[in-house]
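# Structural characterization, general
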Amino acid sequence: MRVEIYGVPQGTIEVELQLLPRIGETIKVMYGADAEVKGEVKGVEHYINQHANEHKVILTIRPVISPE
């Protein structure tokens, strides 16, 4: 399912996921060769358009800085 991830400094990241993370879980998304973002899921919103047969999920995350 198509998922849009909001709340990262890079803007919105769009990915395909088989499972959805729950609120409070931490996710790490690799969106480039050496680019990644890690964050805690703060919100999960479903967008369903029955007429267009479309379902997408919007995750809002709070970026987490990992200690080096």
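Right, let's walk through the structure included here.

### A word on the pairing of strand S4 (residues 36-49)
- Where strand S3 (residues 26-30) lies against S4, 5 bridges are found, and the strand directions are antiparallel. Of the residues in S4, the one forming a bridge with Met30 is Glu36.
- Linking S3 to S4, which pair antiparallel, is a turn of 5 residues.
- Strand direction decides the pairing type here: S4 and strand S5 (residues 54-63), joined by 10 bridges, are antiparallel. Bridge assignment links Val44 to a residue of S5, and that residue is Leu59.
- A loop of 4 residues connects S4 with S5, the two strands running antiparallel in sequence, and Asn53 in this loop sits at a positive phi of about 50 degrees.

### Describing the side chain of Glu4
- When you line up the elements, Glu4 lands in strand S1 (residues 2-8).
- Given the relative accessible area of 10%, Glu4 is considered buried.
- A polar side-chain atom of Glu4 sits 2.9 Å from a polar atom in the side chain of Tyr6.
- Ignoring sequence-local partners within four residues, the contact set of Glu4 consists of Thr12, Ile13, Glu14, Lys56, Val57, Ile58 and Leu59.

### Here's the deal with a nonpolar patch on the surface
- Nonpolar side chains collect at one region of the surface, where Met1, Leu20, Ile23 and Val44 lie side by side and expose about 310 Å² of accessible area between them.
- Looking at the element boundaries, Met1 is found in the segment before S1.

### A few points about the packing of aromatic side chains
- Scanning the entire structure with this criterion turns up 0 aromatic pairs.
- The ring of Tyr47 is capped by Lys56, whose NZ or CZ atom sits 5.2 Å from the centre of that ring.

Each value, and the rule that gives it
Residues numbered from 1 in each chain as written. Predicted model: local features only at pLDDT ≥ 70, side-chain atom pairs only at ≥ 80, totals over all residues. Heavy atoms only, no water. Pairing = 2+ DSSP bridges. Helix = DSSP H or I, 4+ residues; strand = E, 2+ residues; numbered from the N terminus. Buried < 20%, exposed > 50% of the residue type's maximum accessible area, 1.4 Å probe, protein only. Polar contact = N/O pair within 3.5 Å; in protein donor to acceptor, adjacent residues only side chain to side chain. Contact = heavy atoms within 4.5 Å. Patch = residues over 30% accessible without salt bridge, like charges linked within 9 Å, V, L, I, M, F, W, Y side chains within 5 Å. Areas by Shrake-Rupley, 256 points an atom, 1.4 Å probe, with all protein chains shown as cover. Salt bridge = Lys/Arg side-chain N within 4 Å of Asp/Glu carboxyl O. Phe/Tyr/Trp six-rings, centres within 6.5 Å; stacked < 30°, edge-to-face > 60°. Lys NZ or Arg CZ within 6 Å of the ring centre and 35° of its normal.

That's the geometry; what it means functionally is another story.
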